[in-house]
Amino acid sequence: MKSNLINNYRMGGYLLIALGLINVRYQTGQSGVWAHSMTIIIPGAVVLLSTWIPSMVQVLNARASQVITLIVGVLLIAYAVIN
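What counts and what doesn't
- The residue numbers shown here count from 1 along each chain, following its written sequence.
- Whole-chain, interface and lining totals are the exception, using all residues; otherwise, since this is a predicted model, local features are given only for residues with pLDDT of at least 70 and side-chain atom pairs are given and counted only at 80 or more.
- Hydrogen atoms and water are omitted, and side-chain values are computed over all heavy atoms in the structure.
- We count a stretch as a helix when DSSP gives it H or I for four or more residues in a row; a strand needs E for two or more, and each element gets its number in order from the N terminus.
- It only takes one pair of heavy atoms within 4.5 Å for two residues to be counted as in contact.
- Take the buried Ala, Val, Leu, Ile, Met, Phe, Trp, Tyr and Cys residues and link them wherever side-chain atoms come within 4.5 Å; each set so joined is a nonpolar core.
- Partly exposed describes any residue whose relative accessible area lies between the buried limit of under 20% and the exposed limit of over 50%, with all areas from a 1.4 Å probe on protein chains only and scaled to the type maximum.
- Pairs of N or O atoms within 3.5 Å make up the polar contacts considered here, provided that, within protein, one atom can donate a hydrogen while the other can accept it, and that residues adjacent in sequence are counted only when both atoms are side-chain atoms.

### Brief notes about the side chain of asparagine 23
Now for step 1: Among the structural elements, asparagine 23 can be located in helix α1 (residues 2-26).
Now for step 2: Sequence-distant contacts of asparagine 23, defined by excluding residues within four places in its chain, comprise Val33, His36, Ser37, Ile40 and Asn83.

Following this line, the structure appears as C-alpha cells:
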C-alpha cells in the first residue's frame, strides 16, 4: 500500500515537472515565462525528491499530507493549464 502511495507521489512530481517544461516551450517569448514555469516545476521537484528521503516518506504517508499535496497539486495543474 505505502509503495503504491509513494509511486503516486512520484508520478505527480513528474507530471508537474513535465507541465512546467511544456509551459516553457509553448510560452517562449512571453514575459515572465520562467517565473510561471518554475512555480510549477519546483514543487514537482520537491515532491519527487521527498519520495527518496526516508524521513520525508513518513511525512508524506500522513493523511493530512496526502490531502494537502492533492489540493496543491490540483491547483498547480490548473495554473499550468490556464496560464
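Moving on from the coordinates now.
### A word on the nonpolar core
Now for step 1: By size, the foremost hydrophobic cluster in this structure holds six residues: Leu5, Ile6, Tyr9, Val47, Val57 and Leu60.
Now for step 2: Taken together, the elements giving at least two residues each to this core come down to α1 and α3 (54-60).
Now for step 3: The element best represented in this core is α1, accounting for three residues.

### Focus on the side chain of threonine 51
Now for step 1: Here threonine 51 is to be found in the loop between α2 (33-50) and α3.
Now for step 2: For threonine 51, a relative accessible area of 4% translates into the label buried.
Now for step 3: In this structure the side chain of threonine 51 is engaged in a polar contact, spanning 2.9 Å, whose partner is the side chain of arginine 10.
Now for step 4: Look past the residues within four positions of threonine 51 in its chain and what remains in contact with it is Ile6, Tyr9, Arg10, Val57 and Leu60.

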